[in-house]
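Coordinate inspection notes
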Amino acid sequence: MDFRLTDEQVARRKEIYKVCEELDKKKPKSWLGFESPFDNEEGWAFHRYCAKEFAKRGWLALSWPKEYGGTGTMMDKVLLAEARGYYDLPGSDIFGISMLAPTLIAAGSEELKKEFLPKIANAEIMFCELWSEPNAGSDLAALTASAIKKGDEFIVNGQKTWNTGAHYADWAFGVYKSDPNAKKHHNLTFILCDMKSKGITVKGIPYMNGAHVYNEVYLDDVHMPAKYVVGQENEGWAVVNVLAGFERSNIDMVMGLVRGVEDLVKFCNENKRDGKPLAHDPMIRNKIADLAASVEAVRTLAYRVADQQNRNEMGLMDAAAVKIFASELLEKFGQISTDILGPYGQVKQSKFAKLNGTAEYNYQACFVPIVSMGTNEIQRNIIAWYGLGLPRMK
Ligand SMILES: Cc1cc2nc3c(=O)[nH]c(=O)nc-3n(C[C@H](O)[C@H](O)[C@H](O)COP(=O)(O)OP(=O)(O)OC[C@H]3O[C@@H](n4cnc5c(N)ncnc54)[C@H](O)[C@@H]3O)c2cc1C
């Protein structure tokens, strides 16, 4: 692929960075990082505010086809992700913008596209994902929450778990067992539902750092209109796979590392240990250089993914590889920055906190992408089976 930006893209990038720089000044004091939108009212309000600012410029639909409001390409979406990452800004609903919208474009009916794409592009509604269950994570197809069809709706019962942001989301996309007698992978239906529907109870799962980001969701005789089925009834597994590809290849989460490395370098130039600047320590220099090289590699990967998605050539193996590389880089960054900051890396929101307490926060949050979106062990299996043709082991 050609890595050079067009003149139009250069101009757009300049405009995007300018808007993000202004939004950065409005960030609430409680803001700590990529999961802050879900942690408190202030974070959520800022997420929605940024989303509206991007929406009014048409930036939430950048990569969509023109007939659905698209105003650019996948590459423009990457430029926005880079700028948001640099300023650590929210404003792009990971579930609505990065996962559901491209899935609807690829596999949804015209009615669903017409109803949901404008609301997503205008930041009117935000989504959450109701997939995992207490006994169905890696083996998602073993899920038991049921959706029984009655007339023109499904009656849904069961429990979902680990649902990020479900306590704030307006809508959810979920997958349910709709035919108890059909074969595995042909018995699931993918349905959108209003989170205000009667019978939905959301209960927080306390996270080890004290944040409320994740939830359990209980579904008790919830009526979901059949018109909100994506794809075919009982063939929701195919839709799950399309969405999972977009979920795993979404590299927005690592875009903040460019700034993260810059901040670490600054910290090492300005702080001393045993009378010597940290930047003189060969071990530290080595670690930062290693990080910087990986960040450059992930940026190149992001451009490649954008190029592949523009041509609808994102395969299962590519998405799995991106997910592994990006999540393990985040983990490495969390570990290295905490090591370099020493005891200061263990506090946040304290007078002793350095770099705004982000090292402590990142350290506790960095394992999340390794497990969520399908664990990295499962991603390695996908690469082995679909990418390399290795046999499945019992
Ligand atoms: C922080 C966080 C946020 C999440 N957000 C959401 C969300 O918003 N919505 C949602 O629906 N889900 C969400 N999830 C759920 C996530 O997708 C599951 O946790 C994940 O798929 C793993 O499932 P599990 O937790 O049931 O672990 P298990 O499937 O029980 O796996 C346990 C361990 O066994 C390994 N393992 C299992 N099977 C195999 C195999 N065949 N080969 C090799 N190793 C294997 C796994 O890799 C893992 O290490 C989230 C999870 C976390 C931790």
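Here, residues in each chain are numbered from 1, in the same order as that chain's written sequence. Residue-level local features of this predicted model are given only where pLDDT is at least 70; pairs of side-chain atoms are given and counted only at 80 or more, and the full residue set underlies all totals for whole chains, interfaces and linings. Hydrogen atoms and water are omitted, and side-chain values are computed over all heavy atoms in the structure.

Remarks on the packing of aromatic side chains
Here is the rule: Between 30 and 60 degrees the pair is tilted, below 30 it is stacked and above 60 it is edge-to-face, where a pair is any two Phe, Tyr or Trp rings, Trp via its six-membered ring, whose centres lie within 6.5 Å. Secondary structure elements follow DSSP: runs of H or I of four or more residues count as helices, runs of E of two or more count as strands, with numbering from the N terminus. Lysine and arginine charges are scored as sitting over a ring when NZ or CZ, respectively, is within 6 Å of the ring centre and within 35 degrees of the ring normal.
In the structure shown here, the tally under the stated rule is 20 aromatic pairs. An angle of 80° between the planes, with centres 6.4 Å apart, marks the rings of W131 and F190 as edge-to-face. With a gap of 59 residues between them, W131 in the loop between β1 (127–130) and β2 (146–150) and F190 in strand β5 (residues 188–194) connect regions that are remote in the sequence. Connected via pairs of aromatic rings, a cluster forms that spans F95, F116, F127, W131, W171, F173, F190 and Y228. The ring of W59 carries the charged tip of R57 above its face, separated from the ring centre by 5.7 Å. The cationic tip of K354 hangs over the ring face of Y344; the distance from NZ or CZ to the ring centre is 4.7 Å.

Comments concerning the packing of helix α9 (residues 282–310) against helix α10 (residues 316–341)
Put simply, the rule is: Axis lines are fitted through C-alpha atoms, for helices just across the contact stretch, and the angle between N-to-C directions can take any value from 0 to 180 degrees. Roughly parallel means an angle under 35 degrees; roughly antiparallel, over 145; roughly perpendicular, 65 to 115; everything else is oblique. Left-handed describes a crossing whose near helix is turned anticlockwise from the far helix through less than a right angle; right-handed describes the clockwise counterpart. Only Asp, Glu, Lys and Arg are considered charged in this grouping, and only Ala, Val, Leu, Ile, Met, Phe, Trp, Tyr, Cys and Pro are considered nonpolar; every other residue, Gly among them, is considered polar.
Two elements in contact, α9 and α10, have axes separated by 10 Å at closest approach and are oriented at 155°. It follows that α9 is roughly antiparallel to α10 by the angle criterion. Crossing of α9 against α10: the hand is left-handed. Per-class residue counts for the contact of α9 with α10 are 15 nonpolar, two polar and six charged.

Observations concerning the state of the cysteines
Stated precisely, the cut-off is as follows: To count as a disulfide, a pair of cysteine sulfur atoms needs to be within 2.5 Å. Exposed residues in this analysis have more than 50% of their type's maximum accessible area, buried residues have under 20%, and partly exposed residues fall in between, with area computed by a 1.4 Å probe over protein chains only.
Evaluation of the coordinates by the stated rule reveals zero disulfides. This cysteine, C20, is not joined by any disulfide, and C50 carries the nearest cysteine sulfur, 8.0 Å off. Taking relative accessible area as the criterion, C20 reaches 0% and is therefore assigned buried.

Re the nonpolar core
Heads up, the condition is: To qualify as a nonpolar core, a set must consist of buried Ala, Val, Leu, Ile, Met, Phe, Trp, Tyr and Cys residues joined through side-chain atoms within 4.5 Å. Contact between two residues is taken to exist if any of their heavy atoms lie within 4.5 Å; hydrogens are not considered.
Counting 115 residues, the largest nonpolar core has F116, F127, F173, F190 and L192 as its most contacted members. By residue number, the principal contributor to this core is α9, which donates 10 residues. Once residues lying within four places of it in the same chain are set aside, the contact partners of F190 are L100, W131, F173, G174, V175, Y228, V229, V230, G236, V239, V240 and L243.

Topic: the site of the ligand
As a reminder of what qualifies: Throughout, near means a residue has at least one heavy atom within 4 Å of the molecule or strand. In protein, a polar contact requires one atom able to donate a hydrogen and another able to accept it; more generally it is a pair of N or O atoms within 3.5 Å, and residues adjacent in sequence count only if both atoms are side-chain atoms. All accessible-area figures derive from a Shrake-Rupley calculation using a 1.4 Å probe, and residue coverage is judged against the displayed protein chains alone.
The local shell around the ligand holds 20 residues, among which S132, S138, W162, T375 and E377 are the closest. Within the contact set of the ligand, a nitrogen atom lies 2.8 Å away from a backbone nitrogen or oxygen of W162. T375 is positioned with one of its side-chain polar atoms (N or O) 2.6 Å from an oxygen atom of the ligand. Relative to its free-state accessible area of 970 Å², the ligand is covered by the protein chains to the extent of 67%. Secondary structure elements with two or more residues in the shell around the ligand: α12 (368–371) and α13 (376–387).

A short note on the pattern of salt bridges
For clarity, the cut-off: Think of a salt bridge as a Lys or Arg side-chain nitrogen and an Asp or Glu carboxyl oxygen that are within 4 Å of each other.
The tally for this structure, following the rule as stated, stands at 23 salt bridges. As a salt-bridge pair, E233 and K149 come within 3.3 Å of each other at their nearest N and O atoms. Taken together, the residues E233 in the loop between β8 (229–230) and α7 (236–248) and K149 in strand β2 connect sequence positions 84 residues apart. In this structure E233 comes out as partly exposed when scored by relative accessible area, which is 36%. The class for K149 is partly exposed, based on a relative accessible area of 39%. Across the pair R304 and D318 runs a salt bridge, and its minimum N-O distance is 3.9 Å.

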